[in-house]
Amino acid sequence: MISANLSAIFYLVSGVLFILALRGLSSPETSRQGNLFGIMGMIIAVTVTFLSIGNFSTGFIFVLIFILVGGSIGAFIAYRIPMTAMPELVAGFHSLVGLAAVFVAISAFLNPEAFNLGVPGNIKLGSLIEMSIGAAVGAITFSGSVIAFLKLQGLMSGSPITFKGQHPLNAMILISIVVLIYLLCSTQSTNLFWILLGVSFLIGFLLIIPIGGADMPVVISMLNSYSGWAAAGIGFTLENTALIITGALVGSSGAILSYIMCKGMNRSFFNVILGGWGATDEVKSSSTKEQRPVKSGNADDAAFLMKNASSVIIVPGYGMAVAQAQHALREMVDTLKKNDIKVSYAIHPVAGRMPGHMNVLLAEANVPYDEVFELEEINNDFANADVAFVIGANDVTNPVAKTDPQSPIYGMPVLDVEKCKSVLFVKRSLSPGYAGIDNDLFYKENTLMLFADAKKMTEDITKNL
Amino acid sequence: MEIDPLIFRLSIFILSIFIGYYVVWSVTPSLHTPLMSVTNAISSVIIVGAIIAGLSGNSDLIFNSSSVFGFLAISLAAINIFGGFLVTQRMLAMYKKKKKDKK
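As the structure is a computational prediction, the values presented were derived from the model and not from experiment.

Engineer: I'd like to hear about the overall build of chain A, residue by residue, with values.
Structural biologist: When helices and strands are tallied, chain A shows 18 helices and eight strands. On C-alpha atoms alone, chain A measures out to a radius of gyration of 25 Å, which is about the 23 Å that the 2.2 N^0.38 rule sets for 465 residues. Dimensions of chain A, computed from C-alpha atoms along their principal axes, come out at roughly 75 × 50 × 30 Å. Per-residue burial for chain A yields a buried fraction of 58% across its 465 residues. Partitioning the intrachain contacts of chain A with sequence separation of at least 6 by distance along the chain shows that 77% fall at a separation of at least 24. When the accessible surface of chain A is split by element, carbon and sulfur atoms take 62% of a total near 18,100 Å². If you average the places of the 27 positive and of the 32 negative side-chain charges in chain A, the two averages end up 2 Å apart.

Below, the structure is given as structure tokens:
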């Protein structure tokens, strides 16, 4: 048994280690060390908790068993999961943090003595407020993440689900959560606590269903943020510094990521959250649709163009992840490099289904990270490049965002692909992307459409090089 | 009058938000996915609450209505801790620099 002061100091140490874990991610070299700091922080926090309770009876054995069971499941998932499924995995993990926060809150509500929070029916007011906020945010994180997971996994349609009166309904439920917390704190009623949880689960569900598949980067970041705030809420209840620090870190991290993602689409956070972007513009785009001529080619043409180029920029998008084409792509690039062709990769902030999704896939395919560039770093290079190879990206290359103020994506930062001498566009059909608008790039003089599966086309090009 | 300890915790909380703000802006965009998985792992430090909850029963009755939720939370958080840190490690191990001999 160690004193409360000593354990508080150790919790502070683990909080600091968590800060260092995030700090390490400022560059790939320091990132691995950062991860070790994170692991150390976690070990310290758990050990100190055991020591401060000081009860190594039968219950302790059960705690170890449950840690082992959960830990093996987690380790199994971590080693087996394919890198393309990372967005689903992260969404799934968020839901678990949310649910764990809810369970801890339930446990504290039912047995406040164990946490020094008072007795059932007379829990300290401050603790009860913190507990109910933590529980509500945790529940929203859980059900929201489950929906995000189902959408990413394809078990649920990725298209926005909207219905009449959706926003007023959501607003009413959110207000009722505030009212419920107030009533719960003044009456200490157990029933109200369960109702609060139920309503919070419901609103998490309702908030995410109107958001479409390509907006998932924002949703995942937002849920990341929520899971942090839920942890912080529980941290206040338990008066635990490690949890408060971590919750604040994770909360602000997720908020910053959502901000970056929204900026990448030139949309306000509320615009994304209120949902249904593609759905509302569909009518307009189909009416203005006209048959315009496109040039299409085959792997042979593409190989010819690239062989005669001196620099090639590759623009990957979600389609590359779907087709699992990253390894085939790297093989193609290896062949190009053997012919002394300079190759770099251009990544748009919202390419893929989560922040940094494309970078991870390219890293998996052994692409060195110093060949991979962000939008601002590489956008000026397109004018000097010979070939742009667009694989699985669409809206993020659409020049309309710069030229047509009427377009729903006007103002969105896009990659200046059209400035290249020639553009190779790998796509299965001419269908519009998520934003529901036609891509002007398809019809440009210097664009060659390669209608095929991304992986197969890349392999065929490699054969022809 | 003595200051309520809550104010101290609130100070820690607010300052940590600022630390988080500056630290996360310095994270390179190519590592945003590992950032999400590692924040996932560290937010599972909620396991400390789960352990307290799990051990709240007495030796005669280890599983009561309150500790059961604690045990459930322990296993959920453990999935996240192990899964989150290991998958982050697996991802970070893939980020390599260009080999010198290729130049």
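Engineer: So, the overall build of chain B: which residues are in play, and what are the values?
Structural biologist: Scanning chain B from N- to C-terminus turns up four helices and zero strands. Computed over the C-alpha atoms, the radius of gyration of chain B is 20 Å, more than 25% above the 13 Å expected from 2.2 N^0.38 for a compact globule of 103 residues. Projected onto the principal axes, the alpha-carbon positions of chain B cover approximately 70 × 45 × 15 Å. The buried share among the 103 residues of chain B stands at 58%. Put simply, chain B shows about 4,600 Å² of open surface, and 68% of that area lies on carbon and sulfur atoms. If the 9 positive side-chain charges of chain B are averaged to one point and the 4 negative ones to another, these points end up 34 Å apart.

Engineer: Account for the nonpolar core, with residues named and values stated.
Structural biologist: If you look at the biggest cluster of nonpolar residues, it comprises 188 residues, and the most contacted ones within it are I314, F382, F389 and I461 of chain A. Among the elements that take part in this core, helix α4 (residues 86-110) of chain A stands out by supplying 16 residues, more than any other. Once residues within four sequence positions are removed from consideration, I461 of chain A is found in contact with A299, A302, A303, M306, M332, F389 and L450 of chain A. Judged by nonpolar contacts, the second largest core, of five residues, contains A232, F236 and A248 of chain A together with F13 of chain B.

Engineer: An account of the pairing of strand β7 (residues 422-427) of chain A is needed here, citing residue identities and associated values.
Structural biologist: Residues and elements named next belong to chain A. Taking burial as the measure, the six residues of β7 include six buried ones, the bulk of the element. Examined bridge by bridge, β7 and strand β8 (residues 447-451) share five bridges and lie parallel to one another. Bridging across to β8, L424 finds its partner in L448.

Engineer: Outline the side chain of S252 of chain A, supporting the account with residue identities and numerical values.
Structural biologist: Here S252 of chain A shows up in helix α9 (residues 241-264). For S252 of chain A, a relative accessible area of 6% translates into the label buried. Residues in contact with S252 of chain A, not counting those within four places in the same chain, are W229 of chain A together with I17, G20 and Y21 of chain B.

Engineer: Would you mind going over the interface of chain A and chain B in detail, with residue names and values included?
Structural biologist: Taken together, the contacts link 105 residues of chain A with 77 residues of chain B. Both sides together, the interface formed by chain A and chain B hides about 8,200 Å², and carbon and sulfur atoms give 78% of it. There are one salt bridge connecting chain A and chain B. In this structure, E239 of chain A and R9 of chain B form a salt bridge, with 3.5 Å as the shortest nitrogen-oxygen distance. Top contributing element to the side of chain A that touches chain B by residue count: helix α3 (residues 58-80) of chain A, with 16 residues. In terms of residue class, the side of chain A that touches chain B is made up of 66 nonpolar, 27 polar and twelve charged.

Engineer: Describe the pattern of salt bridges, and please don't skip the residues or the numbers.
Structural biologist: Residue and element names in this part refer to chain A. Per the counting criterion, the structure on display carries ten salt bridges over all chains. A salt bridge links R330 to D334, with the nearest nitrogen and oxygen atoms 2.7 Å apart. Within this pair, R330 and its partner D334 are both found in helix α14 (residues 326-338), separated by four residues, close to a single helical turn. Residue D386 is joined to K421 by a salt bridge in which the shortest nitrogen-to-oxygen separation is 3.0 Å. With D386 in the loop between α16 (375-378) and β6 (387-391) and K421 in the loop between α17 (400-403) and β7, this pair connects stretches of sequence that are 35 residues apart. Among the residues examined, D386 registers a relative accessible area of 14% and is labelled buried. The class of K421 is exposed, set by a relative accessible area of 53%. Taken together, the salt bridges that share partners define one network made up of K402, D416, E418 and K419.

Engineer: Describe in detail the confidence of the model for chain A, supporting the description with residues and values.
Structural biologist: All names here are of chain A. For chain A, per-residue confidence averages 87 on the pLDDT scale, and 96% of positions sit at 70 or higher. Per-element mean pLDDT across chain A ranges from 44 in helix α11 (residues 277-287) up to 94 in α4. Note that pLDDT drops below 50 for residues 278-288; the model gives that stretch eight contacts with residues more than four away or on any other chain.

Engineer: Can you tell me about unusual backbone geometry, naming the residues and giving the values?
Structural biologist: Residues and elements named next belong to chain A. Its identity is not glycine, yet Q188 carries a phi of approximately 60 degrees, on the positive side. Inspection of the secondary structure assignment puts Q188 in the loop between α6 (166-187) and α7 (190-208). On the basis of relative accessibility, which here comes to 14%, the residue Q188 falls in the buried class. For D340, which is not glycine, the phi torsion reads 60 degrees and is therefore positive. Secondary-structure assignment places D340 in the loop between α14 and β4 (342-347).

Engineer: With reference to specific residues and values, describe the packing of aromatic side chains.
Structural biologist: Under the defined criterion, the tally for this structure stands at 14 aromatic pairs over all chains. Considering the side-chain rings of W229 of chain A and F13 of chain B, the 6.1 Å spacing of their centres and the 75 degrees angle between planes classify their relative orientation as edge-to-face. Here W229 of chain A, found in helix α8 (residues 216-238), pairs with F13 of chain B, found in helix α1 (residues 5-25), and the two come from separate chains. Look at F13 of chain B and you get buried, because its relative accessible area is 15%. Judged by centre distance (6.1 Å) and plane angle (65 degrees), the ring pair of F442 of chain A and Y443 of chain A falls under edge-to-face. Residue F442 of chain A is classed as buried on the basis of its relative accessible area, which comes to 1%. Members of the aromatic cluster, each reached through a chain of ring pairs, are Y259 of chain A together with Y21, Y22 and W25 of chain B. Lying over the aromatic face of Y318 of chain A, R353 of chain A brings its terminal NZ or CZ to 3.6 Å of the ring centre.

Reading the values: the criteria
- Residues numbered from 1 in each chain as written.
- Chains lettered and ligands numbered in written order.
- Predicted model: local features only at pLDDT ≥ 70, side-chain atom pairs only at ≥ 80, totals over all residues.
- Heavy atoms only, no water.
- Helix = DSSP H or I, 4+ residues; strand = E, 2+ residues; numbered from the N terminus.
- Rg over C-alpha atoms; globule rule 2.2 N^0.38 Å.
- Buried < 20%, exposed > 50% of the residue type's maximum accessible area, 1.4 Å probe, protein only.
- Contact = heavy atoms within 4.5 Å.
- Areas by Shrake-Rupley, 256 points an atom, 1.4 Å probe, with all protein chains shown as cover.
- Lys, Arg positive; Asp, Glu negative; His and termini not counted.
- Charge placed at Lys NZ, Arg CZ, Asp CG, Glu CD.
- Core = buried A, V, L, I, M, F, W, Y, C linked by side-chain atoms within 4.5 Å.
- Pairing = 2+ DSSP bridges.
- Buried area = accessible area lost by both parts, 1.4 Å probe.
- Salt bridge = Lys/Arg side-chain N within 4 Å of Asp/Glu carboxyl O.
- Nonpolar A, V, L, I, M, F, W, Y, C, P; charged D, E, K, R; others polar.
- pLDDT = per-residue confidence, 0-100.
- Phe/Tyr/Trp six-rings, centres within 6.5 Å; stacked < 30°, edge-to-face > 60°.
- Lys NZ or Arg CZ within 6 Å of the ring centre and 35° of its normal.

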